[in-house]
Amino acid sequence: MTKYSSEFKVQVVQEYLSGRVSYPTLCAKYSIPSMTPIRRWVKQAQANGLESLQRKRTKVAYSLEQKLSVVDYYQTSGEGVASVAAHFGINASQVAVWAKIFKTEGVAGLRPKPRGRRSTVKHKKPKQAKKLELSEKETYQQEILKLRGELYHTRMERDFLKKLGAVSKSNPPHKKQQ
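None of these values were measured; they are calculated from a predicted model.

1. Re the pattern of salt bridges
Piece 1. Tallied over the entire structure, the rule returns five salt bridges.
Piece 2. Between Arg 148 and Asp 72 there is a salt bridge whose closest N-O contact spans 2.7 Å. In this pair, Arg 148 sits in helix α7 (residues 136–170) while Asp 72 sits in helix α4 (residues 64–77), placing the two residues 76 residues apart along the sequence.
Piece 3. Overall, Asp 72 belongs to the buried group, its relative accessible area being 12%.
Piece 4. Arg 158 serves as the salt-bridge partner of Asp 159, at 3.1 Å between the closest nitrogen and oxygen.

Dropping the structure here:
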């Protein structure tokens, strides 16, 4: 069960978007202990509309391609988890989980898992634990995502070093007086 209803969220966001009320005022008015949920609701509503605040009643199964596009966007955009989640209309914790799984297990970890309980029947020979084998396409996808992430971080480092060089040229070191 959710802490706040969908109607309540829409009401609070509409009140904020009207421009007459601030985050602290809304927190005090509705006895919300922190401004964080209101900010998250407003960001989500601005990115995907007020309908995105409605509680989803069905469980959504995401395909491997959808998961990979979210992880790729997260790695290369420089945005935070909450911004990426609002962009794709999913929960922020889901983005963080997928990014962590991709970092530790790669593309194979993001594959859809078999549903249901494992068989309790004892087999005569113990089977060796199967390591998740990647198909050729998944191997290439994993390599591309890894390289795009590295390229993004390398560009960030380059830009930082350029700015540092420009600042150091404009501010020459001071000479000590004897």
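Additional details are given in the paragraphs that follow.
2. Concerning helix α2 (residues 23–30)
An α-helical segment advances 3.6 residues per turn. Residues three or four places apart therefore align on the same side.
Piece 1. When we look at burial in α2, the residues that qualify are Tyr 23, Leu 26, Cys 27 and Tyr 30. The arc enclosing the buried residues of α2, seen along the axis, measures out at 100°, which places them on a common side. For α2, the exposed residues set more than 90 degrees away from the buried face come down to Ala 28 and Lys 29.
Piece 2. After α2 finishes, the residue Ser 31 shows a positive phi value of roughly 55°.

3. Digging into the nonpolar core
Note that soluble globular proteins tend to have their nonpolar side chains buried in a common cluster.
Piece 1. Of all hydrophobic cores here, the largest spans 16 residues; its most connected members are Phe 8, Val 12, Ile 32, Ile 38 and Trp 41.
Piece 2. At the level of elements, α1 (6–17), α2 and α3 (36–48) are the ones that each hand at least two residues to this core.
Piece 3. Excluding its chain neighbours within four sequence positions, the residues that come into contact with Val 12 are Leu 26, Tyr 30, Ile 38 and Trp 41.

4. Focus on α3
Piece 1. With 13 residues, α3 extends 18 Å between its outermost C-alpha atoms, agreeing within 8% with the 18 Å of an ideal straight helix rising 1.5 Å per residue.
Piece 2. For α3, every residue scored as buried is listed here: Pro 37, Ile 38, Trp 41, Val 42, Gln 44 and Ala 45. All buried residues of α3 fall inside an arc of 165° around its axis, so they share one side.
Piece 3. Tucked into the core, α3 has its buried residues touching α1, α2 and α5 (81–88).
Piece 4. Following α3 by one or two positions, Gly 49 adopts a phi angle in the positive range, close to 90°.

About the thresholds
- Residues numbered from 1 in each chain as written.
- Predicted model: local features only at pLDDT ≥ 70, side-chain atom pairs only at ≥ 80, totals over all residues.
- Heavy atoms only, no water.
- Salt bridge = Lys/Arg side-chain N within 4 Å of Asp/Glu carboxyl O.
- Helix = DSSP H or I, 4+ residues; strand = E, 2+ residues; numbered from the N terminus.
- Buried < 20%, exposed > 50% of the residue type's maximum accessible area, 1.4 Å probe, protein only.
- Arc of directions from axis to C-beta.
- Core = buried A, V, L, I, M, F, W, Y, C linked by side-chain atoms within 4.5 Å.
- Contact = heavy atoms within 4.5 Å.
- Expected span 1.5 Å × (residues − 1).

Structural measurements only, silent on function.
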